[in-house]
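# Summary of structural features
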Amino acid sequence: MRHEYRPPQRRSRLTRRGRLALFLGTLLALGASALIPMLRGGEVPETPRRLLIPEGWRAAQVYAAVDRELKLPPGSTKAAVTTAGLALPAEAKGNPEGYLFPATYPVTSKSTPAILLAHMVRTANQKLATQAVVDGGKAHGMTPYQTATLASIIEAEAEGRADMGKVARVVHNRLARSMPLQMDSTINYALNRGTVDTKLSDTRIDSPFNTYARQGLPPAPIDSPGLQALAAAVAPTPGDWLFFVTVKPGDTRFSATYEEHRKHVAEFNRIRAGAGSRTGRAGPAGK
């Protein structure tokens, strides 16, 4: 077979500048291909902000804090309660008071009032479901909701953590004797105020939270109790106390008899009169 003659083809050779351009182009192509999935699926995670809910805050204070943190109009978080689907016990009747657990919560651009409230309620349920709290509550004949209610009173009444167990014992002793609790904190909750200066007329208000006029625990918690208050509620300090009064900061007196208590209250009143303002707080029958 006859073949045509074809002259040998000359290979093209890249110059030094051409090789450098090809090398750089390859690098750019590889970099771009690696950058595309990084932008799509490997975005830099958002650093969460922190929202602190302190022990003893009422629900209204929590709502306001969430509104501020999320830069929402006042009342937005409170309005979200009815549609947030919060995991509250039936006893709460949709009111999350006492179940907005005090802790530090992460906040991101995706956070909403419903998400934050659900996180708080979920945390409260977890703490109330621990074996120690459940068993301790049952030993005192209390449901988890009643434990939260008692703990909220302890949180409001005790000057510090060191007194929580004794305050809890006063409440348990009074409940056991069918004595009214006579706690100023529950009246202040009913009156929606924070003062501890309760007047005689205040003790006569018509409210289920008036523990001077009504026996037993109030119908709901009065604030957000922390872990120490929950622990004190189910494991109170042993003692026979029925009264207490904080005569001055750092000095809370617990008494088993009314006579002894009245002496402590008299000292409390003397210190108060000398300072020109209230310097302590009176416990049951402290007026």
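Structure's up top.
Attention here is on the structure that accompanies the text. (Residues numbered from 1 in each chain as written. Predicted model: local features only at pLDDT ≥ 70, side-chain atom pairs only at ≥ 80, totals over all residues. Heavy atoms only, no water.)

## Points about the overall build of the protein chain
Along its length, the protein chain carries 10 helices and five strands. Once local pairs closer than 6 in sequence are excluded, the contacts in the protein chain between residues at least 24 apart make up 65%. Just so you have it, the protein chain exposes about 16700 Å², and 56% of that area is on carbon and sulfur atoms. (Helix = DSSP H or I, 4+ residues; strand = E, 2+ residues; numbered from the N terminus. Contact = heavy atoms within 4.5 Å. Areas by Shrake-Rupley, 256 points an atom, 1.4 Å probe, with all protein chains shown as cover.)

## Things to note about the packing of helix 7 (residues 164-176) against helix 9 (residues 227-234)
Put simply, helix 7 and helix 9 touch, their axes get as near as 8 Å, and they point 40° apart. By the criterion of interaxial angle, the relationship of helix 7 to helix 9 is oblique. Considering how the two elements wind past one another, helix 7 and helix 9 form a crossing that is right-handed. Contacts between helix 7 and helix 9 involve M164, G165, A168 and H172 on the former and, on the latter, Q228, A229, A232 and A233. (Axes fitted to C-alpha atoms, helices over the stretch in contact; angles between N-to-C directions. Parallel < 35°, antiparallel > 145°, perpendicular 65-115°, else oblique. Left-handed = near helix turned anticlockwise from the far one by under 90°.)

## As for the pairing of strand 3 (residues 243-248)
Among the six residues that make up strand 3, five are buried, leaving the element largely enclosed by the rest of the structure. Between strand 3 and the antiparallel strand that follows it, strand 4 (residues 251-255), lie two residues; G250 among them carries a positive phi value of about 85°. (Buried < 20%, exposed > 50% of the residue type's maximum accessible area, 1.4 Å probe, protein only. Pairing = 2+ DSSP bridges.)

## Some details on the pattern of salt bridges
If the charged atoms of two oppositely charged side chains come close together, the side chains can form a pair. Scanning the entire structure with this criterion turns up five salt bridges. For R49, the salt bridge goes to E69, with nearest N and O atoms at 2.7 Å. Of this pair, R49 sits in strand 1 (residues 49-52) while E69 sits in helix 2 (residues 59-70), and the two are 20 residues apart along the sequence. The class of R49 is partly exposed, set by a relative accessible area of 35%. Residues R193 and D202 are paired through a salt bridge, measuring 2.7 Å at the closest nitrogen-oxygen approach. According to the relative accessible area criterion, R193 is partly exposed, its value standing at 24%. Put simply, D251, R253 and E267 are held in one network by salt bridges that share partners. (Salt bridge = Lys/Arg side-chain N within 4 Å of Asp/Glu carboxyl O.)

## Considering the environment of A60
Tracing the backbone through its elements, the reader meets A60 in helix 2. It is 7.7 Å that separates the C-alpha atoms of A60 and K78, two residues lying 18 residues apart in sequence.

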